[in-house]
Amino acid sequence: MKYKFKILEQLERNGIVAVIRAESNEQALKIVDFAYQGGIRAIEITMTVPGAIDVIKDISSKFSTELLIGAGTILDSETARLAILAGAEFIVSPHLDIEIIKTTNRYQKVIIPGAMTVREVILSMEHGADVVKIFPSGLFGPEIIKAIKGPLPQAPLMPTGGINLKNLQEWVKAGVFCVGVGSSLTKDAIKKGDYAIVKDKAQEFINKYKEIKEQIKNS
C-alpha cells in the first residue's frame, strides 16, 4: 500500500498526469502502454472509458508499483470506492463533491476535486482536498493559476484542459503542482490508429517538463 504523502510526492515529481479518454477498453490499454514507454508515470483513467474499472484493475496488475494509477471523471462516492478497490491511488472529479472527498480520505487515497473559482478552491481545501483540479483550465489559460495563487499561494493546483507542448512552460511557471494532459497527448494516435505516436508525445512532454523545472530551479 502506498501512503498518501508518497502518492502526492510522485504526482509532484512526475509533473505530467496523462488523462486517458478512449473509445474502448482495448484502446485505453494500448494508450497506457505506449504512454508508459514514453516515460509517463502517472495515469488517470476516466470513467467515460467503457469498462474503466476493469482497465484500472488490468493496469494495476500489469504495472504494479511502476505506475501511479488514478481514476477521473468521478461523479459520486460509490464510483470513487469502486475505483479505489480496483487499484486507483488517486481520485479526480470535475467538480466539488464533499461525499467523494470523504470516501477517498476514508481509504487514505489522494483526492483531487474540480474547481474554477477561488471560493471553490477554498471549500475544496477546507473539506480535505489534497490537490485542486482547475477545470476547464483551457477556457482561461495560465493566468487563472496566477490569479488564484495571488490570495491562495498555498493552494496545490492541477490545471486540466487545453495544455499542450506550446503552452506547457507558461502553465508550469505559473506555479502548478502538476498538470493533466489529455487530447494533446492522444488525439493524433487515436485519429491515425498509430499508438506509437503516444510514446513520442509522452517523451516530448516529459522532457519539456524536466527542462522547464530545471530552468525555474536555476533562475
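Residues numbered from 1 in each chain as written. Predicted model: local features only at pLDDT ≥ 70, side-chain atom pairs only at ≥ 80, totals over all residues. Heavy atoms only, no water.

Enquirer: What is the right way to look at the layout of surface pockets in this model?
Expert: Over the atoms, a rolled probe matching the size of one water molecule traces out where space is still vacant. Volume-wise, the largest pocket comes out at about 370 Å³. In this structure, the largest pocket is lined by 22 residues; those nearest its centre are Ile163, Val181, Gly182, Ser183 and Ser184. Where the lining of the largest pocket is concerned, the elements lending two or more residues are strand E9 (179–181), helix H9 (183–192) and helix H10 (196–218). By residue number, the principal contributor to the lining of the largest pocket is H9, which donates 5 residues. Across the lining of the largest pocket, the residue classes break down as 7 nonpolar, 9 polar and 6 charged. Taken together, Glu12, Arg13, Asn14, Gly39, Arg41, Ile206, Tyr209, Lys210 and Lys213 form the lining of the second largest pocket. Broken down by secondary-structure element, the contributors of at least two residues to the lining of the second largest pocket are helix H1 (4–14) and H10. (1 Å grid on protein atoms, 1.4 Å probe; cavity = no way out; pocket = protein on both sides within 12 Å on 5 of 7 lines; lining within 4 Å. Points joined across faces, edges and corners; volume = space filled by probe spheres on them. Helix = DSSP H or I, 4+ residues; strand = E, 2+ residues; numbered from the N terminus. Nonpolar A, V, L, I, M, F, W, Y, C, P; charged D, E, K, R; others polar.)

Enquirer: Looking at this model, I keep getting lost on the packing of helix H2 (residues 25–37) against H10. Mind explaining?
Expert: Contact geometry of H2 with H10 gives a least axis separation of 7 Å together with a crossing angle of 40°. Overall, the two elements H2 and H10 adopt an arrangement that is oblique. In this structure, H2 meets H10 at a crossing whose hand is right-handed. Only Ala196, Val198, Lys199, Ala202 and Gln203 of H10 make contact with H2, whose side of the interface consists of Ile31, Phe34, Ala35 and Gln37. Considering only residue class, the contact of H2 with H10 consists of 6 nonpolar, 2 polar and 1 charged. (Axes fitted to C-alpha atoms, helices over the stretch in contact; angles between N-to-C directions. Parallel < 35°, antiparallel > 145°, perpendicular 65-115°, else oblique. Left-handed = near helix turned anticlockwise from the far one by under 90°. Contact = heavy atoms within 4.5 Å.)

Enquirer: For this particular structure, what's the right way to read the packing of aromatic side chains?
Expert: To describe a pair of aromatic rings, one takes the distance between the centres and the angle between the planes. Within the structure shown, the criterion is met by 2 aromatic pairs. A ring pair is formed by tyrosine 3 and phenylalanine 5, whose centres lie 6.5 Å apart and whose planes are at 20°; its orientation type is stacked. Judged by relative accessible area, which is 54%, tyrosine 3 ranks as exposed. Pairing tyrosine 36 with phenylalanine 63 gives two aromatic rings, centres 4.7 Å apart and planes at 55°, and the pair type is tilted. Of this pair, tyrosine 36 sits in helix H2 while phenylalanine 63 sits in helix H3 (residues 52–63), placing them 27 residues apart in sequence. Residue tyrosine 36 is classed as buried on the basis of its relative accessible area, which comes to 19%. Stacked on the ring of tyrosine 36, the Lys or Arg arginine 41 has its end atom at 3.9 Å from the ring centre. Across the ring face of phenylalanine 135, the terminal group of lysine 133 is positioned such that the distance to the ring centre comes to 4.4 Å. (Phe/Tyr/Trp six-rings, centres within 6.5 Å; stacked < 30°, edge-to-face > 60°. Buried < 20%, exposed > 50% of the residue type's maximum accessible area, 1.4 Å probe, protein only. Lys NZ or Arg CZ within 6 Å of the ring centre and 35° of its normal.)

Enquirer: Help me understand the nonpolar core, please; the structure alone is not making it clear to me.
Expert: Where a protein is soluble and globular, its nonpolar side chains tend to be buried together. Counting 61 residues, the largest nonpolar core has Ile16, Ile43, Ile45, Ile91, Val121, Ile134 and Leu168 as the members making the most contacts within it. Sorting elements by how many residues they give to this core places H10 first, with 7 residues. When near neighbours in sequence (up to four residues on either side) are disregarded, isoleucine 43 contacts Ala18, Ile20, Val32, Ala35, Leu67, Leu68, Ile69, Gly70 and Phe90. (Core = buried A, V, L, I, M, F, W, Y, C linked by side-chain atoms within 4.5 Å.)

Enquirer: For this particular structure, what's the right way to read unusual backbone geometry?
Expert: If a residue is not glycine, its phi is most likely negative; likewise, a peptide bond is most likely trans. Cis geometry is found at the peptide bond from phenylalanine 135 to proline 136, where omega equals -5°. Inspection of the secondary structure puts proline 136 in the loop between strand E7 (132–134) and helix H7 (143–149). The backbone of threonine 73 sits at a positive phi, close to 55°, despite the residue not being glycine. Positionally, threonine 73 belongs in the loop between strand E3 (68–72) and helix H4 (77–86).

Enquirer: Sorry if this is basic, but what is going on with the sheet that holds E9 here?
Expert: Hydrogen bonding along the main chain pairs the strands of a sheet, whether they run parallel or antiparallel. Pairing is parallel across the open sheet formed by 6 strands, whose spatial order is E5-E4-E3-E2-E1-E9. Only two strands of the sheet have a single neighbouring strand rather than two, namely strand E5 (110–112) and E9. Sheet twist, expressed as the mean angle between neighbouring strand axes with direction ignored, is 25°. (Pairing = 2+ DSSP bridges.)

Enquirer: Honestly, a nonpolar patch on the surface in this entry has me stumped. Any pointers?
Expert: Taken together, the side chains of Met1, Tyr3 and Phe5 define a hydrophobic patch exposed on the protein surface, amounting to about 440 Å² of accessible area. Take methionine 1: it is sitting in the segment before H1. (Patch = residues over 30% accessible without salt bridge, like charges linked within 9 Å, V, L, I, M, F, W, Y side chains within 5 Å. Areas by Shrake-Rupley, 256 points an atom, 1.4 Å probe, with all protein chains shown as cover. Salt bridge = Lys/Arg side-chain N within 4 Å of Asp/Glu carboxyl O.)

Enquirer: Before we go on, may I ask you to explain the pairing of E3 in this structure?
Expert: In summary, the side chains of a regular strand alternate between the two faces of the sheet. Counting buried residues along E3, 5 of its 5 residues qualify, which places the element largely inside the surrounding structure. Of the two faces of E3, the one holding Leu68, Gly70 and Gly72 and the one holding Ile69 and Ala71 are both buried throughout. Across 5 bridges, strand E2 (residues 42–46) lies against E3 in parallel orientation. From the neighbouring strand, isoleucine 43 faces E3, where its bridge partner is isoleucine 69. Since E2 and E3 lie parallel, the crossover through H3 that links them has a hand, and here it is right-handed. (Right-handed = clockwise from strand over helix to strand, strands pointing away.)

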